[in-house]
Amino acid sequence: MSFNDKINICFQNYTQIDNPNYVKNKYTLYADFIELIAVFSNADGVSFGDVQDRFFGTKDYNNAKERDKDESWLGKVFTFIQERANVFGLDYAFNVDDDNLITLKSDLSWKNKLYIGMLISSKLNVFSEFKSDITTEFESISFEVLKEFLPSHAITKEFGKNSPYQGNAIKKISSLAKDIGLKTDDYELSGISERNYQERGLDIIGWIPFSDSCMNKLIYLAQCACGKDVESKHHDTRRFENYFIYYKTSPQHIMMIPYSLINTTDKKFYNSDLLEKEFLIFERKRILTFFNNEDVFKSLQMSKIVEACVLIIQDIV
């Protein structure tokens, strides 16, 4: 199947969804879907009325109160989108005017395209034909983010699909422990099948070394989660609290996700109840802040997917 064939299937997947079935208080998911409408829309963009027709056009109302309730809820989603535009500033890929008209910027910067790439990464049900490419490349982006976030003398390694470590899971984990300078719990490792070649839930690891050989050091264990898999992956890196023997300090667990969660009013995350404690969260805003390698992004299949989605509105694909 050609690249364009896959893109067209993704577009068909999108057109078959009139109103996504999300929990109503997850405004971030609805905002993402409306932005996706704007990506696939024509140059006129998408208005409040367009979304209202798409979401509720076939709904039979028993009274005006029900209609007002839906309009009020949709108004909150659009307010959320306006807040998001303010949070991302120049990195935001859309223009939002005072009449709630959302249009894709005509001259997209590479950071704008990265924003759309994160939007695509959060909608794997639509972009199912590229799921493998997107999840693998999201790990590559997350690796660059963690490397940029940590101090320059820190060591950062990929341990997921792009890992340099070879062999089965036991050999990979043992080799990684040696590089970090940690001991392993051989009893816990013995519980892993020798036929298991998976990463055991760790996608990226970083540590800040000292010039001495002491095992006491800061270690960062990162898991990358696209689509709807975020909640199910919270415990994945916890396994490495069993495999490695840490000395006088605990590792910092990190979750890399393509969603936009920053709540500027409360200085917290939206839908915070879904995020477990003792995690450092890199969501869409933080990823765009710390990912500064334009060449890496342009080399990714994700960049080509973004370009193709933008071209769809010009009837080129």
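Predicted, not measured: the structure shown is a model, and the values here were computed from it.

The rules behind these values
Residues numbered from 1 in each chain as written. Predicted model: local features only at pLDDT ≥ 70, side-chain atom pairs only at ≥ 80, totals over all residues. Heavy atoms only, no water. Axes fitted to C-alpha atoms, helices over the stretch in contact; angles between N-to-C directions. Helix = DSSP H or I, 4+ residues; strand = E, 2+ residues; numbered from the N terminus. Parallel < 35°, antiparallel > 145°, perpendicular 65-115°, else oblique. Left-handed = near helix turned anticlockwise from the far one by under 90°. Contact = heavy atoms within 4.5 Å. Nonpolar A, V, L, I, M, F, W, Y, C, P; charged D, E, K, R; others polar. Pairing = 2+ DSSP bridges. Expected span 1.5 Å × (residues − 1). Buried < 20%, exposed > 50% of the residue type's maximum accessible area, 1.4 Å probe, protein only. Arc of directions from axis to C-beta. Polar contact = N/O pair within 3.5 Å; in protein donor to acceptor, adjacent residues only side chain to side chain. Phe/Tyr/Trp six-rings, centres within 6.5 Å; stacked < 30°, edge-to-face > 60°. Lys NZ or Arg CZ within 6 Å of the ring centre and 35° of its normal.

### Section: the packing of helix α5 (residues 110-121) against helix α6 (residues 131-149)
Argument step 1. With their axes 11 Å apart at the nearest point, α5 and α6 run at an angle of 130° to one another. In terms of axis orientation, α5 runs oblique to α6. Considering how the two elements wind past one another, α5 and α6 form a crossing that is left-handed. Taking contact as the criterion, the partners of L114, M118, I120 and S121 in α5 are, on α6, I134, F138 and I141.
Argument step 2. Residue composition of the contact of α5 with α6, by class: six nonpolar, one polar and no charged.

### What about the sheet that holds strand β11 (residues 279-282)?
Pairing between the strands of a sheet is mediated by backbone hydrogen bonds and can be parallel or antiparallel.
Argument step 1. If you walk across this open sheet you meet the five strands as β3-β5-β6-β8-β11, and the pairing is mixed. Sheet topology places β3 (155-158) and β11 at the edges, where each strand pairs with a single neighbour. Strand after strand, the sheet turns through a mean of 20° between neighbouring axes, direction not considered.
Argument step 2. Contacts from helix α7 (residues 169-180) reach β5 (204-208) and β6 (218-224), with the element oriented near 20° to β5.

### Some thoughts on helix α1 (residues 3-15)
Argument step 1. Compared with an ideal rise of 1.5 Å per residue, which puts 13 residues at 18 Å, α1 spans 19 Å between its outermost C-alpha atoms and is within 8% of the ideal.
Argument step 2. Restricting attention to buried positions, one finds in α1 the residues I7, C10, N13 and Y14. The buried residues of α1 occupy an angular sector of 115° when the element is viewed end-on, so they sit on one face.

### A word on the side chain of E137
Argument step 1. Secondary-structure assignment places E137 in helix α6.
Argument step 2. Engagement of the side chain of E137 in a polar contact is seen with the backbone nitrogen of Q301, the distance being 2.7 Å.
Argument step 3. Excluding anything up to four places from it in sequence, E137 contacts L300, Q301 and M302.

### Re the packing of aromatic side chains
Argument step 1. Counted under the stated rule, the structure contains 31 aromatic pairs.
Argument step 2. When the centroid spacing of 6.3 Å and the interplanar angle of 80° are considered together, the rings of F94 and Y115 count as edge-to-face. Remark: Y115 occurs in helix α5 and F94 occurs in strand β1 (residues 94-96); sequence separation between them is 21 residues. A single burial state applies to F94 and to Y115, both of which are buried.
Argument step 3. Put simply, the rings of F11, Y14, Y22, Y30, F33, F40, F55, F56, W73 and F127 pair up and form one aromatic cluster.
Argument step 4. The side chain of R284 reaches across the aromatic face of Y115, ending 5.0 Å from its centre.

### Quick look at the packing of helix α2 (residues 27-40) against α5
Argument step 1. Between α2 and α5, the shortest axis-to-axis distance is 10 Å and the interhelical angle comes to 120°. Comparing their axes, α5 and α2 come out oblique. The chirality of how α2 crosses α5 is left-handed. Counting all contacts with α2, which are made through D32, E35, L36 and V39, the residues of α5 involved are Y115, I116 and L119.
Argument step 2. Here the residues of the contact of α2 with α5 sort into five nonpolar, no polar and two charged.

### Description of the pairing of β5
Argument step 1. Extensive coverage of β5 is indicated by the burial of five of its five residues.
Argument step 2. Because side chains alternate across β5, one face comprises the buried residues I204, G206 and I208, and the other comprises I205 and W207, equally buried.
Argument step 3. By the bridge criterion, five bridges tie β5 to β6 in an arrangement that is antiparallel. Its bridge partner lying in β6, W207 is registered against I219.

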